Amino acid sequence: MASLDIRLKRVNKIFQDGDLVKGVIVVQSKGELSHNGMTLFMEGSVNLQLSAKSVGVLEAFYNSLKPIQLVNYTVDILKPGKLYPLPIIRTEIPFEIPLKPKGTRPLYETYHGVFVNIQYYLRCEMKRSLLNKDLQCQAEFIVENKSQGKPDNKPVLFTITPESLENIKDKPKVPKFLVKGQLDTAVCSILKPITGELTVIESDTPIRSIELQLVRVETCGCAEGYSKDATEIQNIQIAEGDVCRGLIIPLYMIFPRLFTCPTLATPNFKVGI
């Protein structure tokens, strides 16, 4: 039984445009391992899909849903031959590949969304004879862009009342309440938490819970039309029970890194608010 594994030198697996992606390919086998060559692939792409409500609406959508290739490199690691890995002393084959975009398109940051997925992989393949199954392994790494400077830290005040609520079918039945607060900034660094505060001024009915929800809006399509969908990424409870009126409640939420990315707009897709 033989196996392959990709180990990156960086523990956090985070890289930026122009970095060298370094690591080793670990080969394990109980005996002599004949092969017809080993190849390492670096791949990065944007994969799009439509929500169920948009399927069949515009035929033009389907042409815009083809994967967008961002990175595509191939490196020959070994020529056909034999390896003699031992159970204890493994064979480790070092590699390094420069992380550069394909063509003029920039490298978008890694993002695992519902309708938009931006992912980067290293994939290793060892070809073997017809009587033996080819060996493959894959490892994802994360791409982050360099900081664009300090964001604007102007606080944003907000007020929540029954009248300000959206997507409520029967607003007259909503109990009377007033909540005020502020976000420390509306332009956030993805590496830092969202912070702020809120205060319940009044409420006609007892409060059971107060939760803070993070929602991303993903848009897919083309000039002929777009499919726009909002999806919940994270929901955290910031207060439980009927909180005291006039009490300042702090807001603090860390961005889940793989499921969020900086606001992004391209001709075929957008990720933002």
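See above for the structure.
Predicted model, so just to flag it, every value in this text is computed and none were measured.

Parameters and conventions
For every chain, the first residue of the written sequence is number 1, and numbering continues from 1 onward in sequence order. Only residues with pLDDT of at least 70 get local features here, since the model is predicted, and only at 80 or more are side-chain atom pairs given and counted; chain-wide, interface and lining totals rely on the full set of residues. Heavy atoms from the whole structure form the basis of all side-chain values; hydrogens and water molecules are not counted. Counting from the N terminus, the helices are DSSP H or I runs at least four residues long and the strands are E runs at least two residues long. Between buried and exposed lies partly exposed: a residue is buried under 20% and exposed over 50% of the maximum accessible area for its type, with that area taken using a 1.4 Å probe on protein chains only. The contact criterion used is simple: two residues touch if any of their non-hydrogen atoms lie within 4.5 Å. For the accessible areas, the method is Shrake-Rupley and the probe is 1.4 Å, while residue cover comes only from the protein chains on display. Among buried residues, the Ala, Val, Leu, Ile, Met, Phe, Trp, Tyr and Cys ones that are joined through side-chain atoms within 4.5 Å form a nonpolar core. Segment limits for the domains were obtained from an automatic or database-derived domain assignment. Any two strands are treated as partners once DSSP identifies two or more bridges connecting them. Lines are fitted to the C-alpha atoms to define the axes, a helix being fitted only along its stretch in contact, and any angle between axes, read from their N-to-C directions, falls within 0 to 180 degrees. Between the rings of Phe, Tyr and Trp (Trp by its six-membered ring), a pair exists once the centres lie within 6.5 Å; its type follows the angle of the planes, with under 30 degrees stacked, over 60 edge-to-face, and the other angles tilted. Whenever a carboxyl oxygen of Asp or Glu lies within 4 Å of a side-chain nitrogen of Lys or Arg, that contact is scored as a salt bridge. Criterion for a disulfide: a pair of cysteine sulfur atoms at a distance within 2.5 Å.

A look at the overall build of the protein
Here's step 1: Helix and strand counts for the protein stand at one helix and 19 strands.
Here's step 2: Expressed as a percentage of the 273 residues in the protein, the buried residues total 40%.
Here's step 3: Of all intrachain contacts in the protein linking residues separated by at least 6 positions in sequence, the fraction that spans at least 24 positions is 71%.
Here's step 4: Accessible surface computed for the protein: about 16500 Å², of which carbon and sulfur atoms make up 54%.

Digging into unusual backbone geometry
Most of the time, phi is negative for any residue but glycine, and the peptide bond is trans.
Here's step 1: Although it is not a glycine, Lys13 adopts a positive phi angle of roughly 60 degrees.
Here's step 2: Along the chain, Lys13 falls in the loop between β1 (2-8) and β2 (14-15).

Focus: the nonpolar core
Here's step 1: In this structure, Ile118, Leu122 and Phe269 are the most contacted members of the largest nonpolar core, which totals 45 residues.
Here's step 2: When contributions to this core are tallied by element, the ones reaching two or more residues are β1, β3 (20-29), β5 (38-48), β6 (68-78), β8 (91-98), β10 (116-126), β11 (135-143) and β19 (269-272).
Here's step 3: With six residues, β10 is the single largest residue contributor to this core.
Here's step 4: Summarising the domain contributions, this core has at least three residues from each of domain 1 (2-143) and domain 2 (156-272).

Brief notes about the side chain of Thr199
Here's step 1: Summarising the element assignment, Thr199 is placed in strand β14 (residues 194-203).
Here's step 2: Each residue touching Thr199, except ones within four places of it in the same chain, is listed here: Leu178, Val179, Lys180, Gly246, Leu247 and Ile248.

With respect to the sheet that holds β1
Here's step 1: The strand order β1-β3-β8 describes an open sheet built from three strands, whose pairing is antiparallel. Of all the strands in the sheet, just β1 and β8 have a single pairing partner and so form its edges. This sheet shows a mean twist of 25 degrees between the axes of neighbouring strands, independent of strand direction.
Here's step 2: Note: β1 against β3, seven bridges, orientation antiparallel. Each residue of the ladder has a partner; that of Arg7, found in β3, is Val24.

Quick word on the environment of Pro67
Here's step 1: Here Pro67 lies in the loop between α1 (60-64) and β6.
Here's step 2: Not counting residues within four places of it along the chain, the set of residues in contact with Pro67 comprises Val46 and Asn47.

A look at the packing of aromatic side chains
Here's step 1: For the structure shown, the criterion picks out three aromatic pairs.
Here's step 2: Geometrically, the ring pair formed by Phe15 and Phe141 is edge-to-face, given 5.8 Å between the ring centres and 90 degrees between the ring planes. Placement of Phe15 in strand β2 and of Phe141 in strand β11 is noted, with a sequence separation of 126 residues between them.
Here's step 3: Residue Phe15 is classed as buried on the basis of its relative accessible area, which comes to 1%.

Description of the pattern of salt bridges
Here's step 1: Under the criterion given, the structure shown has 10 salt bridges.
Here's step 2: The closest approach of N and O atoms between Arg257 and Glu109, which form a salt bridge, is 2.7 Å. Here Arg257 is found in the loop between β17 (248-253) and β18 (264-265), whereas its partner Glu109 is found in the loop between β8 and β9 (111-112), with 148 residues between them in sequence.
Here's step 3: Arg257 gets classed as buried once you look at its relative accessible area, which sits at 17%.
Here's step 4: The salt bridge involving Arg123 is made with Glu125; its shortest N-O contact spans 3.6 Å.
Here's step 5: We classify Glu125 as buried; its relative accessible area is 13%.
Here's step 6: When salt bridges that share partners are traced, they join Glu43, Arg123, Glu125, Lys127 and Asp134 into one network.

Regarding the state of the cysteines
Here's step 1: For the coordinates displayed, the defined rule picks out zero disulfides.
Here's step 2: Summary of cysteine pairing: Cys137 is not part of a disulfide, and the nearest cysteine sulfur, belonging to Cys124, is at 4.8 Å.

Remarks on the pairing of β17
Here's step 1: The alternating pattern of β17 places Ile249, Leu251 and Met253 on a buried face, while none of Ile248, Pro250 and Tyr252, on the opposite face, is buried.
Here's step 2: Judged from the six bridges that link them, β14 and β17 form a sheet pairing that is antiparallel. What sits directly across from Thr195, in β17, is Tyr252.

Looking at the sheet that holds strand β13 (residues 177-183)
Within a sheet, adjacent strands bond to each other through the backbone by hydrogen bonds, running parallel or antiparallel.
Here's step 1: Pairing in this open sheet of four strands is antiparallel, and the strands run β12-β13-β14-β17 from one edge to the other. Of all strands in the sheet, those with a lone pairing partner are β12 (156-160) and β17, marking the two edges. In this sheet, adjacent strand axes meet at a mean angle of 20 degrees when their direction is disregarded.

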